[in-house]
Amino acid sequence: MDTTTEGGRTTRPSAHEDRTPALATVARAHVRRPTVWLLALFTLVAVAARLGVGGWSRGDVVLAVVQVATFPLLEWVLHTALLHWRPRRLGRLTLDPQVARKHREHHADPREL
């Protein structure tokens, strides 16, 4: 285990620091997610369709700006409404989507890929 010297004393990294993955590891894990591929596919299809139609105008620029400006709000709404869904009981049935369960696991240990 690596040690560092602070003011003449040797310290060890905390368990939390030991588990910090390298950026390349995080990038590889991120690229394996289907969401990344779906977003890339939809973007390519949209760009190809727009190039095929042609006739660019100011409206295209306005739409792009609006999409970029509203994305953080939409992402936040989806994040809080879906990913932070708390289990709800409906009679004997418990509604707890897998995506919400996985996201709670992520928050419990965010450095675990």
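The rules we used
- Residues numbered from 1 in each chain as written.
- Predicted model: local features only at pLDDT ≥ 70, side-chain atom pairs only at ≥ 80, totals over all residues.
- Heavy atoms only, no water.
- Salt bridge = Lys/Arg side-chain N within 4 Å of Asp/Glu carboxyl O.
- Helix = DSSP H or I, 4+ residues; strand = E, 2+ residues; numbered from the N terminus.
- Buried < 20%, exposed > 50% of the residue type's maximum accessible area, 1.4 Å probe, protein only.
- Expected span 1.5 Å × (residues − 1).

Some details on the pattern of salt bridges
Moving on, step 1. By the definition in use, this model includes three salt bridges.
Moving on, step 2. Here D60 makes a salt bridge to R50, at a shortest N to O gap of 2.8 Å. Placement of D60 in helix α4 (residues 58–83) and of R50 in helix α3 (residues 34–53) is noted, with a sequence separation of ten residues between them.
Moving on, step 3. Here D96 makes a salt bridge to R104, at a shortest N to O gap of 2.7 Å.
Moving on, step 4. In this structure R104 comes out as partly exposed when scored by relative accessible area, which is 33%.

Describing α3
Moving on, step 1. Under the 1.5 Å per step criterion, the end-to-end length of α3 is 28 Å for 20 residues, consistent within 8% with the ideal 28 Å.
Moving on, step 2. Note on α3: the residue one or two positions beyond its end, G54, has a positive phi of about 70 degrees.

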